[in-house]
Amino acid sequence: QHLLFLHTMLPTTVHPALLRKRLLEEQSEQSTKEYTKNKHELHPSRRITHQSHMAQWKRSPARSILMQFILKLNEHAQHKAIHDHQWSANNVINQTLHMLDQVQEFLDKFPCEKDTSLSRFGNIAFRKFYDHLEDHVDSLVQQVLKDTHFCNNPAVTKELAWYFKESWGNRTRIDFGTGHELSFVAFMACLWRLQLVHHKHAEALVFTLYAKYLHVVRNVQQKYRLEPAGSRGVWGLDDYFFLVYVWGSAQLVDHDRIKPSDIHRDSVLDSQKDDYFYLGAIAYIKDVKKGPFGEHSPLLNDISSVPTWSKTNSGMLKMFEAEVMDKFVVVQHLCFGKILPFEEESNDSKELVMSNPLEYMQCKDSINEKAPVQRVSTEVTPQGPLADE
């Protein structure tokens, strides 16, 4: 009726297709106005709901922030074993480790349902675990933030809580995939963006925090038999994880004894799996999957023929961008707020200042004097983007 009315009011030379186009443009403009009006709400929101949104995602501050963060941790992981020494941590990292311990306690509270007919694949007790985590995640995050400038900032709490909650799988499908792993990395990147962790804590983020998350989330997967989310079967790199191979191959760059082909030597896996993510992931696959390695993991098998870990690592990074960061089916579930914005934020935000994708955020309400905005380099160099205190 709207189109018919417009048609009677406009010259007869206007084609109906043009009228439809104008109406769609009006609707799009209205949606943009509604988003702009509500974009300062506390809860982060989904912005990638259609394949056409991928172009904007690839230009977004959030993607740039995440990739720079991943590259920086990749740089800091090189030539280091997990247990080389006690990595430098701070209270925020220690509180997050305690939060992961509490997730493990939640896991112990909810045994698997014995009636397996209730679900074809994963055990439905996972939903009870997830609901319990969802009920407590805000308070857990507040414990992490309690001694920081953001202790009374609900927007920061909600955004961190969302990323942490999404790190454990999908409640409805009872599955887990690389998108959930990416959510935990987004949680860590938020701590960095808020300047709650610094350059000197980079190794602790990889070898302590991510390693602990990997341990606990594998317990969740095994207990509730979480299905691989969007698995490509034998043609995928791994059913659940990707960054374990990125940072794991970085650890082994220029290693004087261990070569990529050594993943086929059980003696190497047994002796080194606790110190190197890559070898630990291979050992885990061999433990849970039966049959020849080349049959159930042909991609990893082919990669083992690459001559050096340096080439393996660079290839893994390219594959991660293509198969995770730039895959609609993975990133469509991400939500965006003020810390990881989908688009540029204006400087007049009442709560947070973020005029550049790689500037850290300041909470005006929690600081008496207006702090200067610190710009950091977008280059992957020893000076940035993980800035010193």
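Residues numbered from 1 in each chain as written. Predicted model: local features only at pLDDT ≥ 70, side-chain atom pairs only at ≥ 80, totals over all residues. Heavy atoms only, no water.

Undergrad: Help me understand the packing of aromatic side chains, please; the structure alone is not making it clear to me.
TA: Each pair of aromatic rings is reported with the distance of its centres and the angle of its planes. On inspection of all chains with the given rule, the structure shows 25 aromatic pairs. Measuring from centroid to centroid gives 6.0 Å for F126 and F129, while their planes differ by 40 degrees, and the two rings are tilted. On the criterion of helical spacing, the pair formed by F126 and F129 is a turn pair, its members being three residues apart in helix α6 (residues 125–145). Using a relative accessible area of 0% as the deciding quantity, one classes F126 as buried. (Phe/Tyr/Trp six-rings, centres within 6.5 Å; stacked < 30°, edge-to-face > 60°. Helix = DSSP H or I, 4+ residues; strand = E, 2+ residues; numbered from the N terminus. Buried < 20%, exposed > 50% of the residue type's maximum accessible area, 1.4 Å probe, protein only.)

Undergrad: Honestly, the environment of Q251 in this entry has me stumped. Any pointers?
TA: In this fold, Q251 is placed in helix α10 (residues 243–251). As a C-alpha pair, Q251 and F277 span 26 residues in sequence and 8.0 Å in three-dimensional space. Once you skip the residues sitting within four places of it in the chain, Q251 turns out to touch A77, Q78, H79, K80, A81, I82, F207, D275, Y276 and F277. Among the polar contacts made by the side chain of Q251, one reaches the main-chain carbonyl oxygen of K80 at a distance of 3.0 Å. (Contact = heavy atoms within 4.5 Å. Polar contact = N/O pair within 3.5 Å; in protein donor to acceptor, adjacent residues only side chain to side chain.)

Undergrad: Would you mind going over the pattern of salt bridges with me for this structure?
TA: Two side chains with opposite charge may pair up if their charged atoms get near one another. The full count for this structure, using the stated rule, is 16 salt bridges. Its salt-bridge partner being D326, residue R63 comes within 3.0 Å of it at the nearest N-O pair. With R63 in helix α4 (residues 61–77) and D326 in the loop between α15 (309–325) and α16 (328–331), this residue pair connects regions lying 263 residues apart in the sequence. You can call D326 partly exposed: its relative accessible area is 25%. One network of salt bridges, with partners in common, ties together R63, E321 and D326. (Salt bridge = Lys/Arg side-chain N within 4 Å of Asp/Glu carboxyl O.)

Undergrad: Where do I start with the packing of α4 against α15 in this structure?
TA: Between two packed helices, what matters for the description is the angle formed by their axes and the separation of those axes. For the pair α4 and α15, the least separation of the axes is 12 Å and the interaxial angle reads 155 degrees. Regarding the angle of α4 to α15, the classification is roughly antiparallel. Note on packing geometry: the crossing formed by α4 with α15 is right-handed. Across from R63, L66, M67, I70, L71 and N74 in α4, the residues of α15 making contact are N313, L317, F320, E321 and M325. In terms of residue class, the contact of α4 with α15 is built from seven nonpolar, two polar and two charged. (Axes fitted to C-alpha atoms, helices over the stretch in contact; angles between N-to-C directions. Parallel < 35°, antiparallel > 145°, perpendicular 65-115°, else oblique. Left-handed = near helix turned anticlockwise from the far one by under 90°. Nonpolar A, V, L, I, M, F, W, Y, C, P; charged D, E, K, R; others polar.)

Undergrad: Any chance you could explain helix α7 (residues 154–165) here in plain terms?
TA: Because the α-helix completes a turn every 3.6 residues, residues three or four places apart line up on one side. The terminal C-alpha atoms of α7 lie 16 Å apart, and with twelve residues this matches the ideal 16 Å at 1.5 Å per residue to within 8%. Burial within α7 is extensive, with ten of its twelve residues counted as buried. Taken as a whole, α7 has its buried residues at A155, V156, T157, E159, L160, A161, W162, Y163, F164 and K165. Contact partners of the buried residues in α7: α5 (91–109), α6, α8 (178–193) and β4 (335–336). Two to three positions downstream of the cap, the backbone nitrogen of A155 sits 3.1 Å from a side-chain oxygen, assigning the N-cap of α7 to N153. (Expected span 1.5 Å × (residues − 1).)

Undergrad: Can you walk me through the packing of α4 against helix α9 (residues 202–224) in this structure?
TA: Contact geometry of α4 with α9 gives a least axis separation of 9 Å together with a crossing angle of 85 degrees. Of the possible angle classes, the one that applies to α4 and α9 is roughly perpendicular. Judged by residue contacts, F69, L73, H76 and A77 of α4 engage A202, E203, L205, V206 and F207 from α9. When grouped by side-chain class, the residues that make up the contact of α4 with α9 number seven nonpolar, one polar and one charged.

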